[in-house]
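Listed below, chain by chain, are the residues.
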2 protein chains.
Amino acid sequence: MTENRSIVSSSHDTSGRQVRLARLSAMGDPVTDELLRLRMSIDNMDAALVHLLAERFKVTQQVGELKAAHGMPPADPVREAEQIARLRALAEDARLDPEFAEKFLNFVVAEVVRHHQAALNRRDSDM
Amino acid sequence: MTENRSIVSSSHDTSGRQVRLARLSAMGDPVTDELLRLRMSIDNMDAALVHLLAERFKVTQQVGELKAAHGMPPADPVREAEQIARLRALAEDARLDPEFAEKFLNFVVAEVVRHHQAALNRRDSDM
């Protein structure tokens with residue numbers, strides 16, 4: 001069984017791999033079953049994360065357009081401080097490392113800034 | 001109205017700021033209303049993202065324990081390639097930049113590796 005698992009791990013045939021994992025699972029290997037089950041949960045959550053992030057960027061785009069249309073500054077340090085404090089508290093409740101929650105927000109905000117900058121560049125090139 | 005908005009933006013009193021925004025909103029400023037509405041959606045999505053990430057790390061911790069208990073290698077390049085390809089495709093469907101989706105997965109996986117390393121260090125110090 002260990003040999004089968006090492007074949008699974010060393011395979012570079014992406015499409016055939018799930019087939020082999022499924023075959024091992026059909027053979028009733030409980031460890032492979034458990035690994036497949038856990039990975040399906042990870043994949044479900046990753047799909048949810050990607051769709052949530054897509055929606056979040058739609059909303060931050062609307063915020064950027066609203067601010068630009070009304071001459072409001074794009075950055076808002078007070079709002080960002082509030083968001084960080086809130087996310088850290090939520091992370092603690094959910095037993096997620098608050099440092100990671102803060103890094104995550106910074107990672108997403110950096111992408112928002114990149115979007116806003118790209119939008120400004122497009123506007124400049126239209127003029 | 002522009003003056004009120006600049007007071008809101010330059011305030012460093014985090015706790016009083018939502019109160020002032022809410023007061024502007026009560027005065028019927030439609031731009032402030034819209035900004036508050038959009039920010040509430042961002043905050044709701046951020047709470048969902050943090051809770052999903054907390055759940056995801058619980059599952060990757062189980063994967064790490066399962067692999068360690070059965071002598072399976074912690075890293076799995078084939079699985080990671082599959083995850084990247086799948087997330088990029090999901091991102092395209094959701095109109096999210098596939099590059100960002102890949103960067104996001106790498107960001108999360110780096111944290112998973114950090115958790116696994118921390119778990120190994122704890123185990124070593126127990127010996």
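Calculation criteria
- Residues numbered from 1 in each chain as written.
- Chains lettered and ligands numbered in written order.
- Predicted model: local features only at pLDDT ≥ 70, side-chain atom pairs only at ≥ 80, totals over all residues.
- Heavy atoms only, no water.
- Helix = DSSP H or I, 4+ residues; strand = E, 2+ residues; numbered from the N terminus.
- Buried < 20%, exposed > 50% of the residue type's maximum accessible area, 1.4 Å probe, protein only.
- Areas by Shrake-Rupley, 256 points an atom, 1.4 Å probe, with all protein chains shown as cover.
- Axes fitted to C-alpha atoms, helices over the stretch in contact; angles between N-to-C directions.
- Left-handed = near helix turned anticlockwise from the far one by under 90°.
- Contact = heavy atoms within 4.5 Å.
- Nonpolar A, V, L, I, M, F, W, Y, C, P; charged D, E, K, R; others polar.
- Buried area = accessible area lost by both parts, 1.4 Å probe.
- Salt bridge = Lys/Arg side-chain N within 4 Å of Asp/Glu carboxyl O.
- Polar contact = N/O pair within 3.5 Å; in protein donor to acceptor, adjacent residues only side chain to side chain.
- pLDDT = per-residue confidence, 0-100.
- Least-squares fit on C-alpha atoms with pLDDT ≥ 70 in both.

**Thoughts on the overall build of chain A**
Part 1: Assigned secondary structure in chain A consists of five helices and zero strands.
Part 2: Going from the N terminus to the C terminus, chain A shows its helices and strands as α-α-α-α-α.
Part 3: When the 127 residues of chain A are sorted by exposure, 42% land in the buried category.
Part 4: Split by element, the accessible area of chain A, about 7,000 Å² in all, is 56% carbon and sulfur.

**Observations regarding the packing of helix α4 (residues 77–93) of chain A against helix α3 (residues 30–69) of chain B**
The relative placement of two packed helices comes down to the angle between their axes together with the axis-to-axis distance.
Part 1: Running from amino to carboxyl end, α4(A) crosses α3(B) at an angle of 35°, the nearest separation of the two axes being 10 Å. The crossing of α4(A) and α3(B) is right-handed. Residue-level inspection shows A:Arg79, A:Gln83, A:Arg86, A:Leu87, A:Leu90 and A:Ala91 of α4(A) in contact with α3(B), the latter providing B:Arg39, B:Ile42, B:Asp43, B:Asn44, B:Asp46, B:Ala47, B:Val50 and B:His51.
Part 2: Residues of the contact of α4(A) with α3(B), tallied by class, amount to six nonpolar, three polar and five charged.

**Quick look at the interface of chain B and chain A**
Part 1: Between chain B and chain A, the contact holds 58 residues from the first and 58 residues from the second.
Part 2: Between chain B and chain A the total buried area reaches about 6,100 Å² when both faces are included, carbon and sulfur atoms providing 73% of it.
Part 3: Where chain B meets chain A, there are 10 salt bridges.
Part 4: At the surface where chain B touches chain A, the tally comes to 12 residue pairs in polar contact (both at pLDDT 80 or more).
Part 5: Top contributing element to the side of chain B that touches chain A by residue count: α3(B), with 29 residues.
Part 6: In terms of residue class, the side of chain B that touches chain A is built from 28 nonpolar, 12 polar and 18 charged.

**Examining the confidence of the model for chain A**
Residues and elements named next belong to chain A.
Part 1: Within chain A, residue pLDDT values average 84, and 78% of them lie at 70 or more.
Part 2: Counted against residues more than four places away or in other chains, residues 1–14, with its pLDDT under 50, gives 22 contacts.
Part 3: For this predicted complex, the interface confidence reaches an ipTM of 0.80, while the overall pTM sits at 0.80.

**Describing the relation of the copies chain B and chain A**
Part 1: Note on the copies: chain B fits chain A at an RMSD of 0.0 Å, the axial shift is 0.0 Å, and the rotation between them is 180°. Expressed as an axis order, the relation between the two copies is that of a two-fold axis. Rotation axis and chain B: the residue whose C-alpha lies nearest the axis is B:Leu49, separated from it by 3.2 Å.
Part 2: A symmetric contact is evident, with 100% of the interface residues of chain B recurring at the interface of chain A.

**Some points on the side chain of A:Arg79**
Part 1: Summarising the element assignment, A:Arg79 is placed in helix α4.
Part 2: You can call A:Arg79 buried: its relative accessible area is 7%.
Part 3: In this structure the side chain of A:Arg79 is engaged in a polar contact, spanning 3.1 Å, whose partner is the side chain of B:Asp43.

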